[in-house]
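# Architecture at a glance
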Amino acid sequence: KCPSYPLDCPNECGVRGIKRAEVDQHRNECPLEPVECPFKEAGCQARLVRNELDSHMTANQQQHILTLMAAFREVKAELRASKTMQEVIATDVAIIQQSPEKQSSDLALASIKSHTVKNGVLWNTPYAV
């Protein structure tokens, strides 16, 4: 296939005579190229053509902010849970790195209480024997 062969825009925007080798470049600028909303990762499911993007962004500012805030809350909760788990792991590693005598006394204390993470919150619960 000849890279210089002239083609019309595959999106039918009216541009004609695009070299075959330059069709992808044209699609990156074509006003009728299907695009996703930049807020897709935050939850917006809009699928539109490039020349509708500005009006979509203007018309949906409030919804985008609400969607972004919901995503932010989820990330914040996951981060809290991750930090809690890191604290539990750090405590366990510290016990493992101790001398055998100190380890056994700390393990005895650990048998009285154990750490449980539920919904990102560290709970101290009685150890079931």
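Before reading on, note that the structure itself is shown above.
Attention here is on the structure that accompanies the text. It should be emphasised that the depicted structure is a prediction, and the values quoted were computed from it without experimental measurement.

## Section: helix α3 (residues 61–96)
Its 36 residues give α3 an end-to-end C-alpha distance of 52 Å, which sits within 8% of 52 Å, the value for a rise of 1.5 Å per residue. Within α3 the residues assigned to the buried category are His64, Thr67, Thr84, Val88 and Ile95.

## Considerations on the side chain of His56
Residue placement: His56 occurs in helix α2 (residues 53–59). By relative accessible area, which is 12% here, His56 ends up buried. Other than its neighbours up to four places away in sequence, His56 contacts Cys37, Cys44, Ala46, Leu48 and His64.

## Some remarks on the pattern of salt bridges
Side-chain pairing between opposite charges can occur once the charged atoms of the two side chains come close. Taken as a whole and assessed by the stated rule, the structure comprises 4 salt bridges. Two residues, Arg16 and Asp8, come together in a salt bridge whose shortest N-O distance is 3.6 Å. Look at Asp8 and you get partly exposed, because its relative accessible area is 42%. Counted as one network, the salt bridges with shared partners bring together Glu36, Lys40 and Arg47.

Reading the values: the criteria
Residues numbered from 1 in each chain as written. Predicted model: local features only at pLDDT ≥ 70, side-chain atom pairs only at ≥ 80, totals over all residues. Heavy atoms only, no water. Helix = DSSP H or I, 4+ residues; strand = E, 2+ residues; numbered from the N terminus. Expected span 1.5 Å × (residues − 1). Buried < 20%, exposed > 50% of the residue type's maximum accessible area, 1.4 Å probe, protein only. Contact = heavy atoms within 4.5 Å. Salt bridge = Lys/Arg side-chain N within 4 Å of Asp/Glu carboxyl O.

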